[in-house]
Amino acid sequence: MVQFLGNPGANSELIHMVTLDKTGKKSFGICIVRGEVKDSPNTKTTGIFIKGIVPDSPAHLCGRLKVGDRILSLNGKDVRNSTEQAVIDLIKEADFKIDLEIQTYDKSDEQQQQGKGDQRSNGYMQAKNKFNQDQMTNNNAAGGQGMAMGQGMNQGQGMGGMNRQQTMQKRNTTFTASMRQKYSNYADEDDEDTRDMTGRIRTEAGYEIDRASAGNCKLNKMEKDRDKEQEDEFGYTMAKINKRYNMMKDLRRVEVQRDPSKPLGIALAGHKDRQKMACFVAGVDPNGVFASADFKPGDEIVEVNGNVLKNRCHLNASAVFKNVDGDKLVLITSRRKPNDEGMCVKPIKKFPTASDETKFLFDQFPKARTVQVRKDGFLGIMVIYGKHAEVGNGIFISDLREGSNAELAGVKVGDMLLAVNQDVTLESNYDDATGLLKRAEGNVTMILLTLKSEEAIKADKEAEEKKKEEAKKEEEKPQEPATAEIKPNKKILIELKVEKKPLGVIVCGGKNNHVKTGCVITHVYPEGAVAADNRLKIFDHICDVNGVPTHVGAMTTLKVHQLFHTTYEKTVTLTVFRADPPELEKFNVDFMKKSGKELGLSLSPNERGCTIADVIQGQYPEIDNKLQRGDIITKFNGDSLEGLTFQVCYALFKGANGKISMEVTRPKPTLRTEAPK
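Computed from a predicted model, the values in this text were never measured in an experiment.

**Student:** When you look at the overall build of the protein chain in this model, what are you seeing that I'm missing?
**Tutor:** Within the protein chain one finds 17 helices and 33 strands. Evaluated residue by residue, the protein chain yields a buried proportion of 45% over its 677 residues. Contacts spanning at least 24 positions in sequence make up 67% of the contacts within the protein chain whose residues lie at least 6 apart. Working note: accessible area of the protein chain is about 36,700 Å², and carbon and sulfur atoms make up 49% of it.

Dropping the structure here:
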């Protein structure tokens with residue numbers, strides 16, 4: 001922490017407002033630190049001070065800020081008692097604009113320094129080692145001390161009214177090891193708390209609280225002198241509470257006495273932003289303990305009896321409430337305005353007579369069961385916090401006393417403990433769970449979940465892997481051709497029942513065909529045997545027919561067509577390969593259609609366009625050279641033909657004149673049939 005020393009006069013303290021807009025800049029350009037100004041030998045003022053200003057930044061260009069200025073408020077929020085990190089967070093949340101209330105010291109000194117080379121004249125101060133005299137000459141040492149002392153004091157006034165030359169000479173002779181010791185002493189009185197805040201600590205009254213609790217908050221000497229309130233058993237005073245939670249609104253200390261005959265009577269809720277953790281009061285039962293306390297829906301609970309609930313889940317908070325020892329509850333709350341961002345539910349106006357917080361457990365764990373155990377001094381169970389492969393972390397039954405009521409009731413070692421008497425232990429730690437079990441009396445109701453052992457889980461995994469392997473082997477077994485399913489990228493043998501019925505397909509392929517690498521179906525007639533079987537699709541590659549390979553590179557187009565136009569007696573077998581994605585090529589055919597002259601194409605529509613069933617030679621040379629039987633026209637003059645009826649397609653072709661453009665799709669299969677020997 002940096003200290004700012006000085007003795008400013010009444011006229012040297014000026015308060016003014018500064019607005020910084022960083023539009024077009026990367027940052028506002030101010031560096032801050034929590035520090036103090038020594039007003040007199042016996043008094044000092046702490047706060048957030050500007051320790052550096054970035055050149056050419058909004059803070060520098062405004063000309064109204066300098067190193068040593070104290071920030072009183074930021075965007076209307078008082079930050080005099082805030083931590084450095086809290087102010088940094090406010091700046092980050094401010095987007096592009098911040099309004100600062102500034103208290104500046106020694107304004108006259110700033111004016112005196114203009115034009116004299118003082119680095120404070122433009123509001124920017126470079127970081128230097130103020131206390132390293134070994135690297136300075138006498139003159140530089142005096143100048144260096146001038147900058148160090150200038151962070152909060154007028155150089156002419158700082159040594160009791162001496163002139164500048166006398167002051168610099170005096171500083172040069174007195175800035176010794178004793179001065180360094182003085183700085184060290186000031187640091188000891190600093191209010192910046194650098195202690196480790198993890199874990200627990202005991203108060204002077206012997207109560208165990210969180211280290212991060214307001215009861216363990218550190219006050220500096222000045223704050224201690226001002227705080228006349230006596231600490232309670234948890235270390236609380238309002239001064240410590242306000243300092244610990246200085247960024248929260250309307251802080252209150254609420255104290256109630258537990259009544260064994262009454263429930264606490266509060267409903268808790270979490271933050272509406274699921275990325276944030278908080279504990280809000282959702283409702284207050286008029287018949288509960290908190291009915292007469294300064295407690296209302298919307299209040300955020302930040303502590304109870306030294307247990308910090310800020311940034312914790314409301315379910316954890318519920319367990320903390322039930323586990324705190326003693327009949328006295330002391331809460332720290334923050335009252336929110338109705339329109340403030342807050343809890344995830346609307347305030348409960350009508351408090352239920354009874355609420356069961358365990359119902360969701362049976363939805364989350366359908367195999368959970370309820371067990372009642374009579375506690376005769378002890379339950380006879382031991383628990384442990386652990387992790388299970390099936391459900392993750394939780395509280396588990398680690399041991400049972402032989403012959404105990406728990407064993408007789410059916411509790412088993414390894415069971416997961418989900419709740420004790422309506423208190424959910426799903427997210428509890430070991431201490432919370434054991435506290436619930438110790439305080440439970442009479443008939444204790446527990447919700448348990450029996451889990452599989454590690455060996456059983458391992459055996460299940462092995463059985464599952466074995467089942468997958470068997471299924472894989474089953475898939476690899478030859479299928480019955482009459483019912484075999486055609487799967488992508490595999491050769492499948494199928495058998496079709498034809499009964500002298502035509503197959504009803506158009507195919508591409510042949511050595512005098514544009515397709516020379518395989519025989520591919522490009523059209524299926526709805527009245528044929530292939531359509532009746534309903535397994536073959538357009539672009540399926542036929543590798544053989546009745547065991548005869550369809551090596552189209554050695555067969556004429558006529559021979560290939562005859563294989564599919566032959567009338568078979570009863571059945572025909574085909575080896576099919578269905579490529580995924582389909583193996584295709586697309587190209588365009590452009591020509592000029594003369595009025596009254598037909599295209600010379602016989603077409604059959606399908607779901608992908610129009611299949612060319614035949615080509616009449618001599619009509620148009622462009623068609624004669626490029627198109628063939630089995631090609632599919634997918635676009636005509638830019639219009640897609642996919643899914644159109646025959647009547648629509650016919651009208652398009654019939655009425656077109658002039659320039660015609662057709663997109664044609666043609667199979668281009670990979671060679672899969674071996675050449676005949």
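From this point, the narrative continues.
**Student:** Can you walk me through the environment of Lys350 in this structure?
**Tutor:** On the secondary structure map, Lys350 appears in the loop between strand S15 (328–334) and helix H10 (359–364). Each C-alpha atom, one on Lys350 and one on Pro286, is 9.4 Å from the other, the two residues being 64 residues apart in sequence.

**Student:** I would appreciate a short explanation of unusual backbone geometry in the present structure.
**Tutor:** Leave glycine aside and you will find that most residues have negative phi; peptide bonds, for their part, are mostly trans. Cis rather than trans, the peptide bond between Asp580 and Pro581 has omega equal to 5 degrees. Turning to its location among the elements, Pro581 is positioned in the loop between strand S27 (571–577) and strand S28 (584–593). For Asn421, which is not a glycine, the phi torsion comes out positive at approximately 50 degrees. Inspection of the secondary structure puts Asn421 in the loop between strand S19 (416–420) and strand S20 (423–424).

**Student:** Quick question: what am I supposed to make of the pattern of salt bridges here?
**Tutor:** Side chains bearing opposite charge may pair, as long as their charged atoms lie close to each other. This model, assessed by the stated rule, comprises 24 salt bridges. Note that Glu300 is salt-bridged to Arg336, the shortest N-O span being 2.5 Å. Taken as a pair, Glu300 in strand S13 (residues 300–304) and Arg336 in the loop between S15 and H10 lie far apart in primary sequence, 36 residues in all. The class for Glu300 is buried, based on a relative accessible area of 3%. Residue Arg336 is classed as partly exposed on the basis of its relative accessible area, which comes to 27%. Arg672 is paired through a salt bridge with Glu583; the nearest N and O atoms lie 2.7 Å apart. Note that Arg672 is positioned in the segment after strand S33 (658–667) and Glu583 in the loop between S27 and S28, a separation of 89 residues in sequence. Residue classification places Glu583 among the partly exposed positions, given a relative accessible area of 22%. Via salt bridges that share partners, Asp232, Glu233, Arg253, Glu255 and Lys328 belong to a single interconnected network.

**Student:** Would you mind showing me how to read helix H2 (residues 84–93) here?
**Tutor:** One turn of an α-helix holds 3.6 residues; hence residues three or four places apart share an orientation. Considered for burial, the residues of H2 that qualify are Ala86, Val87, Leu90 and Ile91. Burial along H2 is one-sided: seen end-on, the buried residues are contained in an arc of 140 degrees. In H2, the exposed positions that point more than 90 degrees away from the buried face belong to Lys92 and Glu93. Its buried side turned inward, H2 meets strand S3 (30–40), strand S4 (43–53), strand S5 (70–74) and strand S6 (77–78). One or two positions beyond H2, positive phi appears at Asp95, with a value near 60 degrees.

**Student:** Quick question: what am I supposed to make of the packing of aromatic side chains here?
**Tutor:** Aromatic ring pairs are described here by two measures, namely the spacing of the ring centres and the angle between the planes. For the structure shown, the criterion picks out five aromatic pairs. A ring pair is formed by Phe290 and Phe295, whose centres lie 4.7 Å apart and whose planes are at 25 degrees; its orientation type is stacked. The exposure classification of Phe290 matches that of Phe295, with both residues buried. Through pairs of rings, three or more aromatic residues link up here, namely Tyr207, Phe234 and Tyr236. Sitting over the face of the ring of Phe28, Lys22 holds its NZ or CZ atom 5.1 Å from the ring centroid. We note Lys597 situated over the ring of Tyr620; from NZ or CZ to the ring centre the distance is 4.8 Å.

**Student:** What exactly am I supposed to notice about the nonpolar core here?
**Tutor:** When a protein is soluble and globular, its nonpolar side chains tend to lie buried together. Counting 25 residues, the largest nonpolar core has Ile494, Leu496, Leu503, Leu536, Phe564 and Leu574 as its most contacted members. Only strand S22 (491–497), strand S23 (505–508), strand S24 (519–524), helix H14 (529–533), strand S25 (541–545), helix H15 (557–565) and S27 provide two or more residues apiece to this core. If we skip the residues at most four places from it in the chain, Phe564 touches Leu503, Val505, Val507, Cys519, Ile542 and Val545.

**Student:** Looking at this structure, how should I read the pairing of S27?
**Tutor:** The two faces of the sheet receive side chains in turn, since in a regular strand these alternate between them. For S27, the tally of buried residues reaches five of seven residues, placing the bulk of the element in the interior. Taken together, the four bridges between S25 and S27 define a ladder with antiparallel strand orientation. Along S27, the bridge assignment pairs Asp544 with Thr575.

**Student:** What is the right way to read the side chain of Arg666 from this model?
**Tutor:** Examined against the element boundaries, Arg666 turns out to sit in strand S33. Its relative accessible area of 5% is what places Arg666 among the buried residues. A distance of 2.6 Å separates a polar atom in the side chain of Arg666 from a polar atom in the side chain of Asp631. Setting aside residues no more than four positions away along its own chain, Arg666 makes contact with His514, Val515, Leu584, Glu585, Phe587, Lys626, Leu627, Gln628 and Asp631.

**Student:** What's the story with the pairing of S22 in this structure? I'm lost.
**Tutor:** Residues Ile492, Ile494 and Leu496 of S22 are buried on one face, while the alternating residues Lys491, Leu493, Glu495 and Lys497, pointing to the opposite face, are not. Pairing of S22 with S27 involves seven bridges; the strand directions are antiparallel. Within the sheet, the bridge partner assigned to Glu495 lies in S27 and is Thr573.

**Student:** Looking at this structure, how should I read the environment of Thr237?
**Tutor:** Note on placement: Thr237 falls in the loop between helix H7 (221–226) and helix H8 (238–244). A C-alpha to C-alpha distance of 7.5 Å links Thr237 and Gly215, two positions 22 residues apart in sequence. Sequence-distant contacts of Thr237, that is, excluding residues within four places in its chain, are made with Asp227, Glu229, Gln230 and Glu231. A polar contact of 2.9 Å, which involves the side chain of Thr237, links it to the side chain of Asp227.

**Student:** Quick question: what am I supposed to make of the confidence of the model for the protein chain here?
**Tutor:** If pLDDT is low for a region, its predicted coordinates should not be looked at in detail. Averaged over every residue, the pLDDT of the protein chain is 79; residues scoring 70 or more account for 83%. Under a pLDDT of 50 for its full length, residues 1–12 has, in the predicted model, 53 contacts with residues more than four places off or in other chains. For residues 107–191, every residue scores under 50 in pLDDT, and the model assigns this stretch 114 contacts once sequence neighbours within four places are set aside.

**Student:** Would you mind going over the side chain of Glu223 with me for this structure?
**Tutor:** Structurally, Glu223 can be placed in helix H7. Polar contacts involving the side chain of Glu223 include one to the side chain of Lys243, which spans 2.9 Å.

**Student:** Just checking my understanding: could you explain the environment of Met277 for this structure?
**Tutor:** Structurally, the position occupied by Met277 is in the loop between strand S11 (266–269) and strand S12 (280–284). On the basis of relative accessibility, which here comes to 43%, the residue Met277 falls in the partly exposed class. Among all residues touching Met277, those that are not within four sequence positions of it are Asn311, Arg312 and Cys313.

Parameters and conventions
- Residues numbered from 1 in each chain as written.
- Predicted model: local features only at pLDDT ≥ 70, side-chain atom pairs only at ≥ 80, totals over all residues.
- Heavy atoms only, no water.
- Helix = DSSP H or I, 4+ residues; strand = E, 2+ residues; numbered from the N terminus.
- Buried < 20%, exposed > 50% of the residue type's maximum accessible area, 1.4 Å probe, protein only.
- Contact = heavy atoms within 4.5 Å.
- Areas by Shrake-Rupley, 256 points an atom, 1.4 Å probe, with all protein chains shown as cover.
- Salt bridge = Lys/Arg side-chain N within 4 Å of Asp/Glu carboxyl O.
- Arc of directions from axis to C-beta.
- Phe/Tyr/Trp six-rings, centres within 6.5 Å; stacked < 30°, edge-to-face > 60°.
- Lys NZ or Arg CZ within 6 Å of the ring centre and 35° of its normal.
- Core = buried A, V, L, I, M, F, W, Y, C linked by side-chain atoms within 4.5 Å.
- Pairing = 2+ DSSP bridges.
- Polar contact = N/O pair within 3.5 Å; in protein donor to acceptor, adjacent residues only side chain to side chain.
- pLDDT = per-residue confidence, 0-100.

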